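Each chain, letter by letter, is given below.
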Amino acid sequence: MILPSMYVFPDPVEADPEGQGLICIGADLEPSTLFEAYTHGLFPWFNEGDPICWWSPDPRCVIYPEQYHPSKTLIRSMKKYDYQVTINRVFEQVVRACALPRNYTNDTWISEDIVQGYVELFKAGYGYSVEVWQEDQLVGGLYGVSIGKGCFGESMFSTRTDASKMAFYTLMLIGQEHQVRWIDCQLVNDHLLSLGACTLSRQDYLKSLQDVIIEPPINWKKYSERVFSSKRIAQIAKLTE
């Protein structure tokens, strides 16, 4: 259960009519604050040591689960590598893996405060993680926020070929099953576009958001006790081609 937030976030359109994206600075990363922010179209993004910055970009990057189709390369990888996929087993471990340095940079925006804030939000029932395993080793995954039928993606990581893409496709399948309208990807980048993401105007996103967050929530417990084989997921992909 989330207690009411002590903070009130401004309307993004009124606070940022030119669409630069930065809406306000300050507040904290308590679960109630994060919940309030996401339900108003904002998310935190800032460097460690800097004040907390809250963003609502225009345009907004989203992906529609029902329109997503995995590449043939990904299907081959899921058949080749006998990975196992789980849901909500090791949320904090996934977040910390996402915070580790990447090949292209040592910087990370996922500070210890971010880790703790999202872990507590997950414990309150408003988070999700998809984990990819090679035997008993976590080799890829992603995490995000879940409110109503809204999935708000935060970050993903991979230490094996296509592991994060397998996690991403698993999330798309869950989205399709629960008729999730879109997965919020926040900021546009080439990698997300290569996965099939597109953009919505901020105004259209905010309008859609208010419908999405009041819908019945996704039943994550339905998946949390199951283990999915990447080979089986590949078979599902072939059936939907």
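Residues numbered from 1 in each chain as written. Predicted model: local features only at pLDDT ≥ 70, side-chain atom pairs only at ≥ 80, totals over all residues. Heavy atoms only, no water.

A.B. asks: What should I look at first to understand the pattern of salt bridges in this one?
C.D. replies: Oppositely charged side chains may form a pair once their charged atoms are brought near each other. Tallied over the full model, the rule gives 8 salt bridges. Here E112 makes a salt bridge to R96, at a shortest N to O gap of 2.9 Å. Of this pair, E112 sits in helix α5 (residues 112-123) while R96 sits in helix α4 (residues 91-99), placing them 16 residues apart in sequence. What makes R96 partly exposed here is its relative accessible area of 33%. Because the salt bridges share partners, they merge into one network encompassing E92, R96 and E112. (Salt bridge = Lys/Arg side-chain N within 4 Å of Asp/Glu carboxyl O. Helix = DSSP H or I, 4+ residues; strand = E, 2+ residues; numbered from the N terminus. Buried < 20%, exposed > 50% of the residue type's maximum accessible area, 1.4 Å probe, protein only.)

A.B. asks: Sorry, what's going on with the environment of R181 here?
C.D. replies: Relative to the helices and strands, R181 resides in the loop between α6 (163-177) and β9 (183-186). Separated by 143 residues in sequence, R181 and Y38 have C-alpha atoms that sit 16 Å apart. Ignoring anything within four residues of it in the chain, the contact list for R181 reads Y64, P65, E66, K149, S208, D211, V212 and E215. At 3.3 Å, the side chain of R181 forms a polar contact with the side chain of S208. (Contact = heavy atoms within 4.5 Å. Polar contact = N/O pair within 3.5 Å; in protein donor to acceptor, adjacent residues only side chain to side chain.)

A.B. asks: I'm lost on the sheet that holds strand β1 (residues 22-25) in this one. Help?
C.D. replies: Pairing between sheet strands relies on hydrogen bonds along the backbone, with the strands arranged either parallel or antiparallel. Spatial strand order, β1-β3-β2: 3 strands in an open sheet with antiparallel pairing. On the outer flanks of this sheet lie β1 and β2 (43-44), each paired with one strand and no other. (Pairing = 2+ DSSP bridges.)

A.B. asks: Is there a simple way to explain helix α2 (residues 31-38) in this structure?
C.D. replies: Spacing of three or four residues puts side chains on the same side of an α-helix, whose turn is 3.6 residues. Of all 8 residues in α2, 7 are buried, a share of seventy percent or more. Turning to α2, its buried residues number three or more, namely P31, S32, T33, L34, E36, A37 and Y38.

A.B. asks: Looking at this structure, how should I read the domain arrangement of the chain?
C.D. replies: When the parts come together, some accessible area is lost, and that loss is often what is quoted as the size of the interface. Along its sequence, the chain is carved into domain 1 (10-56) and domain 2 (59-234). Inter-centroid distance (C-alpha atoms) of domain 1 to domain 2 is 21 Å. Residue-level contacts link 20 residues of domain 1 with 22 residues of domain 2. In total, about 1,900 Å² of surface goes out of reach between domain 1 and domain 2, with carbon and sulfur atoms giving 69% of it. Of all residues in domain 1, the largest losses of buried area upon contact with domain 2 belong to F35, Y38 and F43, amounting jointly to 32% of the total for that side. At the boundary of domain 1 with domain 2, the tally comes to 1 salt bridge. Notably, a salt bridge pairs R202 with D16, separated by 2.9 Å at the nearest N-O pair. In this structure, the connection of domain 1 to domain 2 is made through 6 residue pairs in polar contact (both at pLDDT 80 or more). Where the side of domain 1 that touches domain 2 is concerned, the elements lending two or more residues are α1 (12-15), α2 and β2. Broken down by class, the residue content of the side of domain 1 that touches domain 2 amounts to 12 nonpolar, 6 polar and 2 charged. (Domains from an automatic or database assignment. Buried area = accessible area lost by both parts, 1.4 Å probe. Nonpolar A, V, L, I, M, F, W, Y, C, P; charged D, E, K, R; others polar.)

A.B. asks: Even after reading the chapter, I still don't get the pairing of strand β4 (residues 60-63), so can you show me in this structure?
C.D. replies: The side chains of a regular strand alternate, residue by residue, between the two faces of the sheet. Side-chain alternation along β4 places R60 and V62 on one buried face and C61 and I63 on a second face that is also buried. One ladder, built from 3 bridges, connects β4 with strand β10 (residues 198-200); its direction is antiparallel. Following the sheet pairing, V62 is matched in β10 by C198. The sheet contact formed by β4 and β9 spans 3 bridges and is antiparallel.

A.B. asks: So what exactly am I meant to see when it comes to the environment of K221 here?
C.D. replies: Position of K221 relative to the elements: it lies in helix α9 (residues 221-224). For K221 and L22, which are 199 residues apart along the polypeptide, the C-alpha to C-alpha distance reads 35 Å.

A.B. asks: Looking at this model, I keep getting lost on the packing of aromatic side chains. Mind explaining?
C.D. replies: Given two aromatic rings, their pairing is described by the distance between the two centres and the angle made by the two planes. Counted according to the given criterion, the structure contains 14 aromatic pairs. A centroid spacing of 6.4 Å and a plane angle of 85° characterise the contact between Y38 and Y118, whose relative ring orientation is edge-to-face. Remark: Y118 occurs in helix α5 and Y38 occurs in helix α2; sequence separation between them is 80 residues. When its relative accessible area of 1% is taken as the criterion, Y38 is described as buried. Residue classification places Y118 among the buried positions, given a relative accessible area of 1%. Look at F91 and F122: their rings are 4.3 Å apart centre to centre, the planes differ by 5°, and that puts the pair in the stacked class. Placement of F91 in helix α4 and of F122 in helix α5 is noted, with a sequence separation of 31 residues between them. (Phe/Tyr/Trp six-rings, centres within 6.5 Å; stacked < 30°, edge-to-face > 60°.)

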